[in-house]
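# Chain and residue survey
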Amino acid sequence: MRRGRKRKRAGKPTCLPAADASSPSIESLNDDVLEEILVRLPSIASLARAACACARLRAIASSWAFLRRFRALHPSLLGHFATDADDESVIPTFHPARAQFDGCSDAAVRGGDFFLTRVDANAGWRVQDCRHGRLLFANESDLLVYDPLSRRGVSIRRPSWYPSSHFTHCLLAGYGGDGSPGSFRVVSVEHNGERAARGAVYSSCTGAWRRGRWDYDRVINPKRPSEYSYFPGMQAAGRIYWKHRDTTKLQVFDAGPMRFSYVHLPEGVHPRSKYAVGEAEDGGCCLVVHAEAPHGTVFKVWRLRTGKGSWPWAWTWELERRLPACEVIGKVQYPPIRHVCAVVAGVVLICFQNHAGPHRHIAFRLSNMQVEATFRSSGWAYPFLMPWRHSSPLLLPSAKF
């Protein structure tokens, strides 16, 4: 019998060279430097992995100040919910932004109810808003706040007001911002006639409505060119904004003091301009308008400067930047831009004209002009961003290491 060869004994693993005593170690870096390193990580999933390396990194990554900063710099667009223009009472369709997915986002979409199977399709629901990882629906008598990630919904009785009025329903974060990650507010504004409106705010913390009074002095109801149609509400920093067909004023409703006011449009922006008011990357109010320029079209980004204690009519717009539109739509001859649909957490959604079928939509990020998603839809479209409360329980300050 042939004797097998002896296997060569494996040698000891080669030791790594000793670190140079002069090279910096993690212990030699202060917390400010480590925070700058962590905030540059590409996604919430990579941040969660880095936070598991040691207790010090976890403490930095778990602070609310750092989480607010990281969230502002890394909004995660999961996709868009879009309706059909012929029948907006049909449950909206979800269009995923697959190019944006990381491991955390992909797992969230796979585990959620993005087909909205738990929303009753026969209840006459119409989608009203989509913010902070939730959808807001309304029918004749009720409102529904639905979270597709947790598959849970909250049914709310609508305020009992005049049935002939027009209503705007919007979804806001809860009081205290990040202090209550699971809370939310619903703003319901009743528009009656040309110059009368009143608002009500529902808080998920109290389960009750807080109602305001009729305002006849500072109201310009948001009518479209059609006499029977109203512009939808736009929101930023706890305030609702509306366009108007005939004036350069934006109607404003502040959900905190329950107060109506108005602010003038920036220079060069008129009622029929293609613009939307929304939130920039840091959560501040901005206005993005598509405008003509000598060397092609541009997106102008205006920031609203409110000032402490100043009245809304004293607020001013400051031109922050001009972005060539060709950086988003390239050199290809797309159809003309129909309108700017929304601005949410620094993500801008634009829509192109198409008379033969569904309109092409493109979503891009203001910070780097990177295209996040493309899809087609005939009706309204609502960006859906990864809500912070679902991103990573490992990073909550209340968690233990």
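I will try to describe carefully the structure that is included in this document. These numbers come from a predicted model, not from an experiment.

Rules behind the numbers
Residues numbered from 1 in each chain as written. Predicted model: local features only at pLDDT ≥ 70, side-chain atom pairs only at ≥ 80, totals over all residues. Heavy atoms only, no water. Helix = DSSP H or I, 4+ residues; strand = E, 2+ residues; numbered from the N terminus. Buried < 20%, exposed > 50% of the residue type's maximum accessible area, 1.4 Å probe, protein only. Contact = heavy atoms within 4.5 Å. Areas by Shrake-Rupley, 256 points an atom, 1.4 Å probe, with all protein chains shown as cover. Phe/Tyr/Trp six-rings, centres within 6.5 Å; stacked < 30°, edge-to-face > 60°. Lys NZ or Arg CZ within 6 Å of the ring centre and 35° of its normal. Core = buried A, V, L, I, M, F, W, Y, C linked by side-chain atoms within 4.5 Å. Pairing = 2+ DSSP bridges. Axes fitted to C-alpha atoms, helices over the stretch in contact; angles between N-to-C directions.

Another point: the overall build of the chain. When helices and strands are tallied, the chain shows 7 helices and 23 strands. Looking at the chain residue by residue over its 401 residues, the buried ones come to 49%. Counting contacts in the chain only where the partners sit at least 6 residues apart, residues at least 24 apart contribute 50% of the total. In the structure as shown, the chain presents an accessible area of about 21100 Å², 51% of it carried by carbon and sulfur atoms.

Moving on, we come to the packing of aromatic side chains. The geometry of an aromatic ring pair is captured by the separation of the ring centres together with the interplanar angle, meaning the angle of the planes. All told, the structure shown has 11 aromatic pairs when counted by the stated rule. Judged by centre distance (4.9 Å) and plane angle (50°), the ring pair of Phe81 and Phe94 falls under tilted. Taken together, the residues span a long stretch of sequence, with Phe81 in strand S1 (residues 77-82) and Phe94 in strand S2 (residues 93-96) at a distance of 13 residues. A relative accessible area of 14% places Phe94 in the buried class. Considering the side-chain rings of Phe81 and Phe384, the 5.7 Å spacing of their centres and the 75° angle between planes classify their relative orientation as edge-to-face. Taken together, the residues Phe81 in strand S1 and Phe384 in strand S23 (residues 381-385) connect sequence positions 303 residues apart. By relative accessible area, Phe81 is classed as buried at 0%. The ring of Tyr275 carries the charged tip of Lys243 above its face, separated from the ring centre by 4.3 Å. The ring of Tyr262 has Lys249 sitting right over it, with the charged end atom 4.2 Å from the ring centre.

Tyr241, Leu250, Leu287 and Ile350 are the most contacted members of the largest nonpolar core, which has 37 residues in total. With 5 residues, the single largest contributor to this core is strand S16 (residues 285-291). The next biggest cluster of nonpolar side chains, apart from the first, holds 20 residues, and it includes Phe81, Leu135, Phe137 and Tyr146.

The subject of this paragraph is unusual backbone geometry. One non-glycine residue, Leu116, adopts positive backbone phi at about 55°. Here Leu116 lies in the loop between helix H5 (103-111) and strand S3 (126-131). Among the residues examined, Leu116 registers a relative accessible area of 2% and is labelled buried. Positive phi, close to 55°, is recorded for Ala237, a residue that is not glycine. Inspection of the secondary structure puts Ala237 in the loop between strand S11 (234-236) and strand S12 (239-242).

Time to look at the sheet that holds strand S9 (residues 196-203). Spatial ordering of the open sheet is given by S7-S8-S9-S10, a layout of 4 strands whose pairing is antiparallel. Of all strands in the sheet, those with a lone pairing partner are strand S7 (166-173) and strand S10 (208-211), marking the two edges. Strand-to-strand twist in this sheet, taken as the mean axis angle between neighbours without regard to direction, amounts to 20°. Where S9 meets S10, 4 bridges bridge the pair, whose relative direction is antiparallel. Residue Val201 lies in a different strand from S10, and its bridge partner there is Arg210.

The residue Thr306 is located in the loop between strand S17 (298-305) and strand S18 (316-324) in this model. The partly exposed category is assigned to Thr306, whose relative accessible area is 27%. Once the C-alpha coordinates of Thr306 and Cys285 are considered, the two residues, 21 residues apart in sequence, prove to be 9.5 Å apart. In contact with Thr306, not counting residues within four places along its chain, are Arg239 and Trp315.

With that settled, consider the sheet that holds S2. Taking strand neighbours across the sheet as the criterion, the 3 strands line up as S2-S1-S23 in an open arrangement whose pairing is antiparallel. At either end of the open sheet lies a strand with only one pairing partner, and these are S2 and S23. Geometrically, the sheet is characterised by an average inter-axis angle of 30° between neighbouring strands, direction not taken into account. In this structure, S1 lies alongside S2, joined through 4 bridges in antiparallel fashion. Note that in S2 the partner of His80 across the bridge is His95.

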